[in-house]
Amino acid sequence: HGSAPAILSAALLCTTIATPALAQPDVLFRAAHSTATTSTGHQALEFLDKELREKTEGRVGLEIFPSSQLGGERESVENIQFGNVDLIFVSSAPVASFAPAFFAFDIPFLFDNREQAYEVLDGEIGQEILAGLESSGIVGLAYWENGFRQLTTANKEVRSPEDLAGMKMRTMENEVHIAAWREIGANPAPLAFNELFTALQQGTFDAQEGPINLFYDMKFNEVQKYIVKTNHIYSPWPLLANPEKLAALSDEDRAIFDQAVIDATAHQRQLAAEADTKAEAAMTEVTFVDLEPAQKEAFAAKVAPIVDLVREKAGADLVDRLLTAT
Ligand code: PAF
């Protein structure tokens, strides 16, 4: 009678030993981000983890920390530099204070559509900007897609810059964004994303801006009523890594890693291309405001001087090349 549990536990032990997925990888990347586990970026990190574990037979994997658990976006870039974190996807806006060439992507209304963005980001200009991070102790691997950003408000159907006059508005931690919303006439201030829901709830801010799918993920529909489709900026998500961690990979595993990043990038962009439409369909209580071309033009006219500020920060030559390419 006493032998059955013994057989059972021996069988369990065998299963445990025989399953490579349960073993700790030799090189485990601590991966962090500031969005929810439902975000396209989180899903792409899970995809990357699975690819890496499968293709390296468990030698390489990720441990994923979502929702700013290891700090907000600005802190996450510092964490990469210090090696506290090994891999992040992060909005390009806060990265600009580490490598000013990234300010070039903050020119309002720069990209007409996502295909044009991919062409520039994956092409010479985008890759040069990523490579510029090396001197800051960061490896730029790829561009994932945060996406086109929209203006959202608690209680005002904004259709013109005048409608935004003096409105308290949250921006990302980026001087060009703050300057642009000032030009429009709003009263902007920067805030880390993890503090945003409470700030909107308490009325510290009446407006914010960001992609529709992240708005949905964060349940901002509980504290914001209008989404005004400004498409004022396309926000890339550079995927950044700590150089020493990458150097810990064997040549074979580094090649697998690079291919897995290419595949995860394609996967993420595919998810991102559908995410806003899905989120919009799911939020029936939010009022979506489509702007007429002339109304959009009024916003564009207000922010036109911002390109000079970007020239100063990112370099005139880079800005000119970017404007020619878009
Ligand atoms: O709004 C932001 O701060 C960023 O877009 C976010 C949501 C953290 C994603 O990068």
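Refer to the structure above for everything that follows.
Remember, it's a predicted structure, so these values are computed and weren't measured experimentally. (Residues numbered from 1 in each chain as written. Predicted model: local features only at pLDDT ≥ 70, side-chain atom pairs only at ≥ 80, totals over all residues. Heavy atoms only, no water.)

### With respect to the site of the ligand
(1) Moving on: The full set of residues close to the ligand is Ser34, Thr35, Glu73, Ser91, Asn146, Arg149, Arg170, Met172, Phe193, Leu214 and Trp237.
(2) Moving on: Contacts to the ligand include Glu73, whose side-chain N or O atom sits 2.7 Å from an oxygen atom.
(3) Moving on: The side chain of Asn146 places a nitrogen or oxygen atom 3.0 Å from an oxygen atom of the ligand.
(4) Moving on: In the complex, the protein chains occlude 97% of the 290 Å² of accessible area that the ligand would expose alone. (Near = heavy atom within 4 Å. Polar contact = N/O pair within 3.5 Å; in protein donor to acceptor, adjacent residues only side chain to side chain. Areas by Shrake-Rupley, 256 points an atom, 1.4 Å probe, with all protein chains shown as cover.)

### Brief notes about the packing of aromatic side chains
For any pair of aromatic rings, geometry is given as the distance between the ring centres together with the angle between the planes.
(1) Moving on: Tallied over the entire structure, the rule returns ten aromatic pairs.
(2) Moving on: Ring centres 5.1 Å apart and planes at 20 degrees place the aromatic pair Phe29 and Phe257 in the stacked group. With Phe29 in strand β1 (residues 27-32) and Phe257 in helix α11 (residues 251-282), this residue pair connects regions lying 228 residues apart in the sequence. The same class applies to Phe29 as to Phe257, namely buried.
(3) Moving on: Ring centres of Phe148 and Tyr234 lie 5.2 Å apart, and the angle between their planes is 70 degrees; this geometry places the pair in the edge-to-face category. Within this pair, whereas Phe148 is found in strand β4 (residues 139-153), its partner Tyr234 is found in strand β8 (residues 226-241), the two being separated by 86 residues in sequence. When sorted by exposure, Phe148 lands in the same class as Tyr234, which is buried.
(4) Moving on: Among the aromatic residues, those joined into a cluster by ring pairs are Phe193, Phe197, Phe215 and Phe220. (Phe/Tyr/Trp six-rings, centres within 6.5 Å; stacked < 30°, edge-to-face > 60°. Helix = DSSP H or I, 4+ residues; strand = E, 2+ residues; numbered from the N terminus. Buried < 20%, exposed > 50% of the residue type's maximum accessible area, 1.4 Å probe, protein only.)

### Overview of helix α5 (residues 114-122)
(1) Moving on: Within the span of α5, buried status applies to Gln116, Ala117, Tyr118, Val120 and Leu121.
(2) Moving on: Buried residues along α5 sit in contact with α6 (124-131), β4, β8, α11 and α14 (316-325). (Contact = heavy atoms within 4.5 Å.)

### Here's the deal with empty space enclosed by the protein
(1) Moving on: Going through the model one piece at a time under the given rule, you end up with four cavities of 30 Å³ or more.
(2) Moving on: Here the largest cavity defines a volume of roughly 220 Å³.
(3) Moving on: If you trace the largest cavity, you find 22 residues lining it, with Glu73, Arg149, Arg170, Met172 and Phe193 closest to the centre.
(4) Moving on: Secondary structure elements with two or more residues in the lining of the largest cavity: β4, β7 (207-210) and α9 (212-217).
(5) Moving on: Sorting elements by how many residues they give to the lining of the largest cavity places β7 first, with three residues.
(6) Moving on: Per-class residue counts for the lining of the largest cavity are ten nonpolar, seven polar and five charged.
(7) Moving on: Roughly 120 Å³ of internal volume is contained in the second largest cavity.
(8) Moving on: Together, Asp106, Pro108, Phe109, His177, Ala180, Trp181, Ile184, Glu209, His232, Ile233, Phe299 and Val303 line the second largest cavity.
(9) Moving on: Looking at which element gives the most residues to the lining of the second largest cavity, the answer is helix α7 (residues 175-184), with four residues.
(10) Moving on: Of the residues contributing to the lining of the second largest cavity, the split by class is eight nonpolar, two polar and two charged. (1 Å grid on protein atoms, 1.4 Å probe; cavity = no way out; pocket = protein on both sides within 12 Å on 5 of 7 lines; lining within 4 Å. Points joined across faces, edges and corners; volume = space filled by probe spheres on them. Nonpolar A, V, L, I, M, F, W, Y, C, P; charged D, E, K, R; others polar.)

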